[in-house]
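Single-letter residue listing:
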Amino acid sequence: MNRAARVRTALRLRPLPALALALTLAAGGFAAWAGQDWYGAAHDEQAAYAEQRDAALSAGEQAVQNLNTLDHREIQRGLDLWESSTTGELHEQLASGRAEFADQVKEAKTVSTARVLSGAVTELDDRAGRARVLVALRVTVKASDGSKSDKDSRMLGELTRTDGRWKLSALGQAPVGGAPAG
């Protein structure tokens, strides 16, 4: 009888270690799966591409806003911001015409402020370091007599990655709807 009692006791105690072993294996399997999933996400090319797209959009929107904002009372600071937001031929054009443009703005005594309404990356070549953005913005111009006017516009900008930063290399007005596709 003593032996039968031991067998019953042993049978009752054995499921506990088996359950603990099963839970340990399940937890280890889940940890391995989660680790593999995390590693895959961290090294995903699509995630890196999306990160560059977002960086280009943010830089493009800011640069377009910068180039549409200028206060005659702080003209040099504004033009410095223009130059720091640009690269290439656009940068050279702004730098070479800086003095003449500053004189025109000082004489007109205008203050223009831009606000980005929306933006999108229309093209991105991450490897070549080039991108294009479309930015909708509202520009408010305050004249010297105190009158204000608002103008909504859409701008097409080209960006070039320079020293790891996206900078505007070309800027132009986007065509407005109704124009025939050619």
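Cut-offs used in this document
- Residues numbered from 1 in each chain as written.
- Predicted model: local features only at pLDDT ≥ 70, side-chain atom pairs only at ≥ 80, totals over all residues.
- Heavy atoms only, no water.
- Salt bridge = Lys/Arg side-chain N within 4 Å of Asp/Glu carboxyl O.
- Helix = DSSP H or I, 4+ residues; strand = E, 2+ residues; numbered from the N terminus.
- Buried < 20%, exposed > 50% of the residue type's maximum accessible area, 1.4 Å probe, protein only.
- Pairing = 2+ DSSP bridges.
- pLDDT = per-residue confidence, 0-100.
- Phe/Tyr/Trp six-rings, centres within 6.5 Å; stacked < 30°, edge-to-face > 60°.

K.L.:
Would you mind showing me how to read the pattern of salt bridges here?
P.N.:
A side chain with one charge can pair with a side chain of the opposite charge if their charged atoms come near. Counted by the stated rule, this structure contains nine salt bridges. A salt bridge links arginine 77 to glutamate 74, with the shortest nitrogen-to-oxygen separation between them at 2.5 Å. The residue aspartate 80 makes a salt bridge to arginine 98 at a minimum N-O spacing of 2.7 Å. Taken together, the residues aspartate 80 in helix α4 (residues 75–84) and arginine 98 in helix α6 (residues 98–108) connect sequence positions 18 residues apart. On the basis of relative accessible area, arginine 98 is assigned to the buried category, the value being 16%.

K.L.:
Where do I start with the sheet that holds strand β5 (residues 165–173) in this structure?
P.N.:
By way of backbone hydrogen bonds, the strands of a sheet pair with one another, either parallel or antiparallel. With respect to topology, five strands assemble into an open sheet ordered β1-β2-β3-β4-β5, the strand pairing being antiparallel. Strands with a single pairing partner mark the edges of an open sheet, and in this sheet they are β1 (70–71) and β5. In terms of strand pairing, strand β4 (residues 148–162) meets β5 through eight bridges, oriented antiparallel. Following the sheet pairing, glycine 157 is matched in β5 by leucine 171.

K.L.:
Where do I start with the confidence of the model for the chain in this structure?
P.N.:
Detailed reading of the predicted model is not advised wherever pLDDT is low. Looking at the chain as a whole, the pLDDT averages 88, with 86% of positions reaching at least 70. Looking over the chain, one finds the lowest element-wise mean pLDDT in helix α1 (residues 2–13), namely 60, and the highest in strand β3 (residues 130–142), namely 97.

K.L.:
It is not clear to me how the pairing of strand β2 (residues 111–125) should be interpreted in this structure. Could you clarify?
P.N.:
Within a regular strand, the side chains alternate between the two sheet faces. Note that β1 and β2 share two bridges and pair antiparallel. What sits directly across from aspartate 71, in β2, is valine 111. Pairing of β2 with β3 involves 13 bridges; the strand directions are antiparallel. Bridging across to β3, glutamate 123 finds its partner in arginine 132. Connecting the antiparallel pair β2 and β3 is a turn made up of four residues, with glycine 129 showing a positive phi of about 75°.

K.L.:
Sorry if this is basic, but what is going on with the packing of aromatic side chains here?
P.N.:
Between two aromatic rings, the relevant description is the distance of the centres plus the angle of the planes. Summed over the entire model, instances satisfying the criterion amount to two aromatic pairs. Ring geometry for phenylalanine 30 versus tryptophan 33: centroids 5.8 Å apart, planes at 40°, classification tilted. You can see phenylalanine 30 and its partner tryptophan 33 sitting in helix α2 (residues 15–42), three residues apart, about one turn around the helix. Given a relative accessible area of 55%, phenylalanine 30 falls into the exposed group. For the ring pair tryptophan 82 and phenylalanine 101, a centre distance of 5.3 Å and an interplane angle of 40° mean the geometry is tilted.

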